[in-house]
Amino acid sequence: MSRSLIRRIATSVAHRLRQNHLILASSYSSSSSSAAVASDSASSAPTGSDSVDITDNCVRKMKELQASEAADKMLRLSVEAGGCSGFQYAFKLEDMTNDDDRIFEKDGVKLVIDNISYDFVKGATVDYVEELIRSAFQVTTNPSAVGGCSCKSSFMVK
């Protein structure tokens with residue numbers, strides 16, 4: 001690959017990241033005025049309708065993945081600008097948390113969500129779905145979404 005091509009790709013990626021950050025930050029600031037932020041969000045998670053539920057399939061798959069890893073990994077759910085419908089879900093396995101993370105736990109499996117993304121997924125359900133075309137972690141229900149694509153990887157905000 002030529003250096004000029006790499007430079008153009010890097011510039012494009014950096015621009016896209018800045019756009020995503022600005023969109024998410026502006027959405028967060030408009031919704032944070034109505035949302036209560038916990039003083040110690042890194043160690044606490046809301047209960048009731050604001051919690052994020054983890055299905056038994058999700059727990060089972062995470063335990064399988066943890067058994068094959070040297071360290072216990074956590075599932076990170078984040079929301080990014082993009083996708084067919086405006087915002088998209090992103091899942092990663094991580095072993096560290098950040099200061100602004102909310103942690104949801106079920107049967108020893110931890111789901112980590114940063115504060116900005118949390119405002120988009122309050123009350124949602126995270127599942128592990130196995131289909132003929134793919135197997136993946138998915139947000140199966142999200143009360144903050146009014147629509148989305150059929151693959152359930154992107155959504156529109158209310």
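Structure: above.
What counts and how
- Residues numbered from 1 in each chain as written.
- Predicted model: local features only at pLDDT ≥ 70, side-chain atom pairs only at ≥ 80, totals over all residues.
- Heavy atoms only, no water.
- Core = buried A, V, L, I, M, F, W, Y, C linked by side-chain atoms within 4.5 Å.
- Buried < 20%, exposed > 50% of the residue type's maximum accessible area, 1.4 Å probe, protein only.
- Helix = DSSP H or I, 4+ residues; strand = E, 2+ residues; numbered from the N terminus.
- Contact = heavy atoms within 4.5 Å.
- Salt bridge = Lys/Arg side-chain N within 4 Å of Asp/Glu carboxyl O.
- Pairing = 2+ DSSP bridges.
- Axes fitted to C-alpha atoms, helices over the stretch in contact; angles between N-to-C directions.

A.B. asks: How do you make sense of the nonpolar core when you look at a structure like this?
C.D. replies: If you look at soluble globular proteins, the nonpolar side chains tend to sit buried side by side. Within the largest apolar cluster, 23 residues are counted, with the highest numbers of intra-cluster contacts made by Val52, Leu77, Leu111, Ile113, Val121 and Val126. Looking at this core, the elements that each hand over two or more residues are α2 (56-68), β2 (74-81), β3 (87-94), β5 (109-114), α3 (115-121), β6 (125-130) and β7 (135-141). Residues in contact with Leu77, not counting those within four places in the same chain, are Tyr89, Ala90, Phe91, Leu111, Val112, Ile113, Asp114, Ser117, Val121, Val126 and Val139.

A.B. asks: Help me out: how do you make sense of the pattern of salt bridges in this one?
C.D. replies: Oppositely charged side chains are able to pair whenever their charged atoms sit close together. All told, the structure shown has 9 salt bridges when counted by the stated rule. The residue Lys92 makes a salt bridge to Glu94 at a minimum N-O spacing of 3.6 Å. On the basis of relative accessibility, which here comes to 45%, the residue Lys92 falls in the partly exposed class. A salt bridge links Asp119 to Lys122, with the shortest nitrogen-to-oxygen separation between them at 3.5 Å. The structure contains a network of salt bridges with shared partners spanning Arg60, Lys61, Glu64 and Glu130.

A.B. asks: What exactly am I supposed to notice about the sheet that holds strand β8 (residues 145-148) here?
C.D. replies: To summarise the sheet geometry, strands pair through backbone hydrogen bonds and adopt either a parallel or an antiparallel arrangement. Pairing is mixed in the open sheet, where 6 strands are placed in the order β4-β5-β2-β3-β9-β8. Each of the sheet's edge strands pairs with one partner strand only, and the pair in question is β4 (101-106) and β8. Direction aside, the axes of adjacent strands within the sheet are offset by 35 degrees on average. In the sheet, β4 pairs with β5 via 6 bridges, with the strands oriented antiparallel. Bridging from a neighbouring strand, Ile103 pairs with Val112 of β5.

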